[in-house]
Amino acid sequence: MDAMRSRPACILMLVLVALTACVAPAQPAPARVETAPLPSRTAPTRPAASILWATTKLRGIDHVSARDLAKHFGLKAAWTKGEAVMALSDARGARFTFEGNQKDFYFDGLRVFLGAPAVLHKDSLWVSQLDVLKIVAPLLRPANHLAALPAAAPKLIVLDPGHGGIDPGTQNLKLKLNEKTFTLDVALRLKKLLELGGWRVLLIRDKDTELAKDKKTDLLMRNITANRAKADLFLSIHFNAAPESIAGVETYSLAPQFMNSAGDDQGDEMTRTAFPGNRFDYANLLFGENLHRAMITGLKVPDRGYKHARQAVLRMLDCPGVLVECGYLSNDAEARLIATPEYRQQIAEALADGVTDYAATLAALRAAAGPEAAKSR
Ligand SMILES: [Zn+2]
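Residues numbered from 1 in each chain as written. Predicted model: local features only at pLDDT ≥ 70, side-chain atom pairs only at ≥ 80, totals over all residues. Heavy atoms only, no water.

1. Focus: the packing of aromatic side chains
Counted under the stated rule, the structure contains 7 aromatic pairs. Sitting over the face of the ring of F113, K307 holds its NZ or CZ atom 4.7 Å from the ring centroid. (Phe/Tyr/Trp six-rings, centres within 6.5 Å; stacked < 30°, edge-to-face > 60°. Lys NZ or Arg CZ within 6 Å of the ring centre and 35° of its normal.)

In C-alpha cells form, the structure reads like this:
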C-alpha cells in the first residue's frame, strides 16, 4: 500500500483489503455429503493416460519437456524474448506460450494458470506432468477426453449469485457499492438470456438473502440446492477485490486432486483430497476456458487469468462448475462501470456466450466422435 495515500484512504484500503477474500477462505472439508450418484454424470477421475509422457524429476515432481509436447502435438517449439519464453506454434500461430518460473501461460492468447511454475532446464521449459495431463493437453485436444465429458447436452443451468443477505461480499465503501447487489442483478439478466437460448435456469437465490447464517453452511447449501435440482452446469457469479490498481476478469474451476491451488505453492491436506466436483475435471476445464475466453473477448478487459483453486462452492458439485470474478469493486473506475446497468448487461451477455460456446464445443466433440463414441460409454 503506497504511503502517499491520505489516512482515510488507507483506512478504506485496509477495510477493502480485509474484504479481499470475496471468496470465503478455504475451510476444512465438510463431512462428505451423500448425493445419489447419477451414472450419466459420474465420469472417471483418473485421466485416460492415453499418452505416456517422458518425464524428468525437477524440484521433486515429474515434468514434461515443452519440446516433447511440441513434438507430440505437431507444434514448433521456439524461444522468444531470449531464452525466457518458449512458444509452441502451428499454422494458427502460437498455441502455447510458457515462461520460466511463471505459473501463467497463454493458450491461443488466453491467460491460464498452471498448478506449478514452468521450469527452465536443458535448453527447454518443462511443465509438471499433472499440469500436462489436467490442463495443457486437454485444452489443445479435448476430444482425447471425451469419455470424461458429460454424455448429454446441458439442460438445467444453476446460477449462483454470490453472497447475499447478511453477507454483502466485497464492498466499495467510498462508492457505497456491495458485491451481493450486482451478483444478483447479473444472474437475473443472465437467466433471461439463457432461457431465450432454450435452457432451463434455476437461481440459488432470487432476492437479497443468505442461505444460512454461517458462511460454511451457506456455501454448502448452494451445492446441495444445485445437486438436488440435478443441475447440468453450475455458475457462481462474483465481483473481486485487490489493491486498487487491479482490474479485469478472473475465472476459477476446482483444482484437480494433487494440484496446488492458485496462489498456494505449498499444498495442504485439501490438495490431496478428491472432491465430488473432481469427477468433472475435464468438463470444468472446457467450461472454464470457454467462459473466460468469452468474458475477455466480450468485455475487452484485462485478463487476470483462468485459475484452479478449491473454493467451497465448487467442491461438492454433482456437475461441472465454474466461479467467475466479473470485475474488481476495489478499482473505483471499474466499480463505477459495474454500477451501470448497461455494463452489467454486457457482463451477462458475455457469460451467456461462454455457456453457449461450452455447449457448442461439447456437441461438436460428440458429433466428431460419431455414434460409436456415444455407445462406448
Ligand atoms: Zn464474492
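After presenting the structure, the write-up continues.
2. Some thoughts on the pattern of salt bridges
Counted under the stated rule, the structure contains 22 salt bridges. Here D90 and R95 are joined by a salt bridge, their closest N and O atoms 3.1 Å apart. What makes D90 partly exposed here is its relative accessible area of 28%. Here K207 and D206 are joined by a salt bridge, their closest N and O atoms 3.9 Å apart. For the pair K207 and D206, a shared accessibility class is recorded, and that class is exposed. Overlapping salt bridges bring together D90, R92, R95 and D108 as one network. (Salt bridge = Lys/Arg side-chain N within 4 Å of Asp/Glu carboxyl O. Buried < 20%, exposed > 50% of the residue type's maximum accessible area, 1.4 Å probe, protein only.)

3. Overview of the packing of helix α3 (residues 129–140) against helix α6 (residues 281–299)
Following both chains from N to C, one finds α3 and α6 inclined at 55°, their axes separated by 10 Å at the closest point. The angle between α3 and α6 falls in the class oblique. Both α3 and α6 take part in a crossing whose hand is right-handed. For the pair α3 and α6, contact is made by L133, K134, I135, P138 and L139 and by D281, Y282, L285 and E289, respectively. (Axes fitted to C-alpha atoms, helices over the stretch in contact; angles between N-to-C directions. Helix = DSSP H or I, 4+ residues; strand = E, 2+ residues; numbered from the N terminus. Parallel < 35°, antiparallel > 145°, perpendicular 65-115°, else oblique. Left-handed = near helix turned anticlockwise from the far one by under 90°. Contact = heavy atoms within 4.5 Å.)

4. Some remarks on the pairing of strand β4 (residues 85–90)
Relative to β4, strand β3 (residues 76–80) runs antiparallel, the two sharing 5 bridges. Pairing of A78 across the sheet is with A87, part of β4. Turn length for the β3-β4 hairpin, with the two strands adjacent in sequence and antiparallel, is 4 residues, and the turn residue K81 shows positive phi of about 50°. In the sheet, β4 pairs with strand β5 (residues 93–99) via 6 bridges, with the strands oriented antiparallel. Residue pairing for β5: D90 is matched across the bridge by G93. In textbook terms, the turn of a hairpin is the stretch between consecutive antiparallel strands, and for β4 and β5 this stretch comprises 2 residues. (Pairing = 2+ DSSP bridges.)

5. What about the confidence of the model for the chain?
On average, the chain scores 88 in pLDDT, and the residues at 70 or more come to 85%. Throughout residues 1–21 the model reports pLDDT below 50, and contacts reaching past four residues in sequence, or to other chains, amount to 23 contacts. (pLDDT = per-residue confidence, 0-100.)

6. Quick notes on the nonpolar core
The biggest cluster of nonpolar side chains holds 74 residues, and the ones touching the most others in it are F105, L235 and L351. At 11 residues, the largest contribution of residues to this core is made by helix α9 (residues 341–375). The residue makeup of this core includes at least three contributed by each of domain 1 (56–140) and domain 2 (148–369). For L351, the contacting residues outside a window of four places in its chain are V186, L190, L235, I237, L291, M295, V324 and C326. By size, the runner-up hydrophobic cluster in this structure holds 19 residues, among which are I204, F234, F275 and C319. (Core = buried A, V, L, I, M, F, W, Y, C linked by side-chain atoms within 4.5 Å. Domains from an automatic or database assignment.)

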